[in-house]
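Examination of the molecular architecture
Here's the letter readout for the chains.
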Amino acid sequence: MSTATAKRRALVWVRRDLRIADNHALYHASRWADDGVVAVFVVSPEEWADHDDAGIKVDFWLRNLKEMQTGLAKLNIPLVVVTAKKRTEIVSTLLKVAKDAACDGLFFNNEYEVNESRRDDTVERHFSKHGHEVQRFDDHVLMKPGEVRTGQGGMFTVFTPFKKALYKILEQHPVEVLGSPKRQLEIAVKGTPVPEHVAGFESHVKNAAELWPAGEKWAHKRLSTFIEKRVAAYKEERDTPSVDATSMLSPHLAAGVVSPRQCVAAALEWNKGKLDAGNAGAAHWISEVVWREFYQHIIVGFPRVVMGRAFKPATEALKWSYDTEHFERWKAGKTGVPIVDAAMRQLLETGWMHNRLRMVSAMYLTKDLFIDWRWGEKHFMKHLIDGDLASNNGGWQWSASTGTDAAPYFRIFNPVSQSEKCDPKGEFIRRYVPELRDVEGDAIHDPSQLPGLQRSRLEYPEVMVDHSKARDRVMEAFRALG
Ligand code: FAD
């Protein structure tokens, strides 16, 4: 430690905040330090495997980390990459980096999942015990989870009142975007190369780098193009997966390549400062970013959801199906329901799925097949480039009616009518289900409408369940909960 001269060197632990601008830990470390800043990233395969982190997501992290390393080098901030094979090795690994690089303080942005926040508390304790200053920030969110409260002081359990309360706060304390960290004096600490791969986390998508370019610069270009060209039509077009109508920034938000503050600030600037008024598209998009926020707050207020338990405890009594044949067909996109199969194949081919289709395919698994939502949640995490425990769990539990849905009844989508609404001409289905490319008219949504011979010529599976019978079964199961 460089205490003799009372100089201060900071260590910034980079995690799911792979950006230089508007990064609280980095920004404040660069102002606190007068003897340099060192950044560290811990490759943590055991933690990643425990969370079912997808290979494509890890690949995206590494590519963004490489971009970040280049940007940090211009600020004279070396980035060191180390590996902790077991989660129990993280503390000692970080302490060793701090010692080797003569750092006095540790700075990082909070993560809110149960294991991660316990890990961070342990790291803080050990660093403090060794005489290091530790500073932690709430950077992944617009507002610290727990700070948006009901009139009675509780956590919100329903989205719309949460959003209203959050907007009230944001009107008093507008979103503030931080600038870049201060350039540092050169120090004698060397960065280490970012690995190209981490064993066990290979991307299932071959052209991931082309599909999902890395780096803050790219993400900001995407954000500004979306705001300028598409946000105005967002409300009308966001549920049509064949149209490039949404931002597709979820991988960047999940990895922290852009911050929610930067997103909201860009939309606000375009929408003349209006959060919930002005242009309907912009207001709706901000509201979607707030869904992400809501689920981050839910995992803090109701940590049971992070531990595989239902948000609505009564629904734990549901007797889910564990039919592996049905599950395998759903995973492979071979259910015989075109819109569900197109969605599931989009996930396998690109590592991403359109929001409306996440709802349709999750609802199909949990309502039509009545399979435990936890199986679906895990499969999504293993394949999503934007896999995020809070949003994924929130989306799955919402779809399974075990979660935060405020509807006073059990939402059950009819997959055929969903298909007719969101993909009226079947363009999206034809893109991902080539067996149906030549099917014309409404039969694209429901090939059973085709005359017998025509149907039998298609190399496309028959449906596994009858929707109306499945609907009765699920209604009965939920009613029985009382
Ligand atoms: P846009 O429509 O452009 O929205 C902007 C941003 O707002 C998104 O990038 C995202 O960060 C956030 N957002 C939008 N809708 C939601 C939502 N319903 N819930 C939470 N955040 C939202 N999102 C993830 O980031 N990671 C996940 O693992 C994830 N799993 C999901 C699982 C299910 C079953 C469901 C129904 C939804 C899930 N979502 C998840 C939410 C949503 O589907 C994606 O965020 C969205 O499809 C991303 O596309 P986009 O970036 O074009 O979104």
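This section reports on the structure supplied with the text. (Residues numbered from 1 in each chain as written. Predicted model: local features only at pLDDT ≥ 70, side-chain atom pairs only at ≥ 80, totals over all residues. Heavy atoms only, no water.)

1. Thoughts on the site of the ligand
If you check the shell around the ligand, you find 28 residues, and the closest are Tyr234, Thr246, Ser247, Met248 and Asn355. Between an oxygen atom of the ligand and a side-chain N or O atom of Ser247, the distance comes to 2.6 Å. Compared with its free state, where it exposes 810 Å², the ligand has 96% of that area covered by protein. Its atoms largely coinciding with the cavity grid, the ligand occupies the largest pocket. Of all the secondary-structure elements, those providing two or more residues to the shell around the ligand are helix H10 (250-255), helix H12 (280-301), helix H15 (355-368) and helix H17 (389-400). In terms of residue count, H12 provides more of the shell around the ligand than any other element does, six residues in total. (Near = heavy atom within 4 Å. Polar contact = N/O pair within 3.5 Å; in protein donor to acceptor, adjacent residues only side chain to side chain. Areas by Shrake-Rupley, 256 points an atom, 1.4 Å probe, with all protein chains shown as cover. 1 Å grid on protein atoms, 1.4 Å probe; cavity = no way out; pocket = protein on both sides within 12 Å on 5 of 7 lines; lining within 4 Å. Sits in = over half its atoms within 2 Å of the grid points. Helix = DSSP H or I, 4+ residues; strand = E, 2+ residues; numbered from the N terminus.)

2. Notes on helix H21 (residues 467-479)
Because each turn of an α-helix spans 3.6 residues, side chains separated by three or four positions in sequence point in the same direction. Across its 13 residues, H21 extends 18 Å between first and last C-alpha, which sits within 8% of the 18 Å expected from 1.5 Å per residue. Those residues of H21 that fall on the buried side of the exposure criterion are His467, Ala470, Val474 and Phe478. One side of H21 holds all its buried residues, which, seen down the axis, span an arc of 65°. Seen from the buried face of H21, the exposed residues on the opposite side, beyond 90 degrees, are Lys469, Asp472 and Arg479. Turning to H21, the residues buried within the fold contact H15, H17 and helix H18 (415-422). (Expected span 1.5 Å × (residues − 1). Buried < 20%, exposed > 50% of the residue type's maximum accessible area, 1.4 Å probe, protein only. Arc of directions from axis to C-beta. Contact = heavy atoms within 4.5 Å.)

3. Looking at empty space enclosed by the protein
Summed over all chains, the structure comprises four cavities of 30 Å³ or more. Put simply, the largest cavity is a space of about 320 Å³. Lining the largest cavity we find 25 residues, and of these Arg16, Trp48, Asp53, Trp61 and Glu111 sit closest to its centre. Of all the secondary structure elements, the ones that give two or more residues to the lining of the largest cavity are strand E1 (10-14), strand E2 (37-43), helix H2 (45-50), helix H3 (55-74), helix H5 (114-129) and H10. Here the element with the most residues in the lining of the largest cavity is H10; it accounts for three residues. A breakdown of the residues in the lining of the largest cavity according to their chemical character gives twelve nonpolar, three polar and ten charged. (Points joined across faces, edges and corners; volume = space filled by probe spheres on them. Nonpolar A, V, L, I, M, F, W, Y, C, P; charged D, E, K, R; others polar.)

4. Structural notes on the sheet that holds E1
Spatially, E3-E2-E1-E4-E5 is the arrangement adopted by the five strands of the open sheet, whose pairing is parallel. A strand with exactly one partner marks an edge of an open sheet, and here the two such strands are strand E3 (79-83) and strand E5 (133-137). Across the sheet, the axes of successive neighbouring strands diverge by a mean angle of 25°, strand direction being ignored. For E1 and strand E4 (residues 105-109), the ladder comprises four bridges, and the chain directions are parallel. (Pairing = 2+ DSSP bridges. Axes fitted to C-alpha atoms, helices over the stretch in contact; angles between N-to-C directions.)

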